[in-house]
Amino acid sequence: MAAVTLANGGDNIGVYVPVFATAGVGGMSVYVIVFLLLVAVWVAAGRFFATRPIIAKALSRWGHILLPVVLIGIGLLILIEGGAFGL
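Notes on the structure in this doc start here.

Each value, and the rule that gives it
- Residues numbered from 1 in each chain as written.
- Predicted model: local features only at pLDDT ≥ 70, side-chain atom pairs only at ≥ 80, totals over all residues.
- Heavy atoms only, no water.
- Helix = DSSP H or I, 4+ residues; strand = E, 2+ residues; numbered from the N terminus.
- Expected span 1.5 Å × (residues − 1).
- Bend = angle between axes of the 7 residues up to and from the residue.
- Phe/Tyr/Trp six-rings, centres within 6.5 Å; stacked < 30°, edge-to-face > 60°.
- Buried < 20%, exposed > 50% of the residue type's maximum accessible area, 1.4 Å probe, protein only.
- Patch = residues over 30% accessible without salt bridge, like charges linked within 9 Å, V, L, I, M, F, W, Y side chains within 5 Å.
- Areas by Shrake-Rupley, 256 points an atom, 1.4 Å probe, with all protein chains shown as cover.
- Salt bridge = Lys/Arg side-chain N within 4 Å of Asp/Glu carboxyl O.

1. Looking at helix 3 (residues 53-81)
Alright, step 1. Taking 1.5 Å per residue, 29 residues should reach 42 Å; helix 3 reaches only 36 Å between its end C-alpha atoms and comes up short.
Alright, step 2. The largest bend in helix 3 is about 75°, located at Trp62.
Alright, step 3. Among the residues trailing helix 3, Gly83 stands out with phi positive, at a value near 75°.

Have a look at this one:
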């Protein structure tokens, strides 16, 4: 599992290393605090939704379809907003 995670995160390393290298101590502190706060938000939201029987049942039934659609939609939004199709 760790190897797959590392292999899938290679592009993240290529993007974030230059950002972190130029951020300085103050910038890194902000990155770490924001990251930890947003992880806490995701954990709280996951727990909230997982403990609601109707939502948990719907996600267990349709989640394998819904998640790829949402991720593809986010990817398309990023490409369109970034002007990737206007080459």
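Now that the structure has been shown, the text picks up again.
2. Thoughts on helix 2 (residues 10-50)
Alright, step 1. Its 41 residues place the ends of helix 2 only 31 Å apart at the C-alpha level, less than the 60 Å of an ideal helix rising 1.5 Å per residue.
Alright, step 2. A bend of about 125° at Gly24 is the largest found in helix 2.

3. Brief notes about the packing of aromatic side chains
Alright, step 1. Counted by the stated rule, this structure contains three aromatic pairs.
Alright, step 2. Residues Phe48 and Phe49 carry aromatic rings whose centres are separated by 5.3 Å and whose planes lie at 75° to one another, so their mutual orientation is edge-to-face.
Alright, step 3. On the basis of relative accessible area, Phe48 is assigned to the partly exposed category, the value being 41%.
Alright, step 4. Taken together, Tyr16, Phe20 and Tyr31 form an aromatic cluster joined through their ring pairs.

4. Here we look at a nonpolar patch on the surface
Alright, step 1. The grouping of Phe48, Phe49, Ile55, Leu59, Leu66, Leu67, Val70, Leu71, Ile74 and Ile78 at the surface amounts to a nonpolar patch, some 890 Å² of accessible area in total.
Alright, step 2. Elements with a minimum of two residues in the nonpolar patch: helix 2 and helix 3.
Alright, step 3. Here the nonpolar patch takes eight residues from helix 3, the largest share from any one element.
Alright, step 4. Judged by relative accessible area, Ile55 falls into the partly exposed class, the value being 30%.

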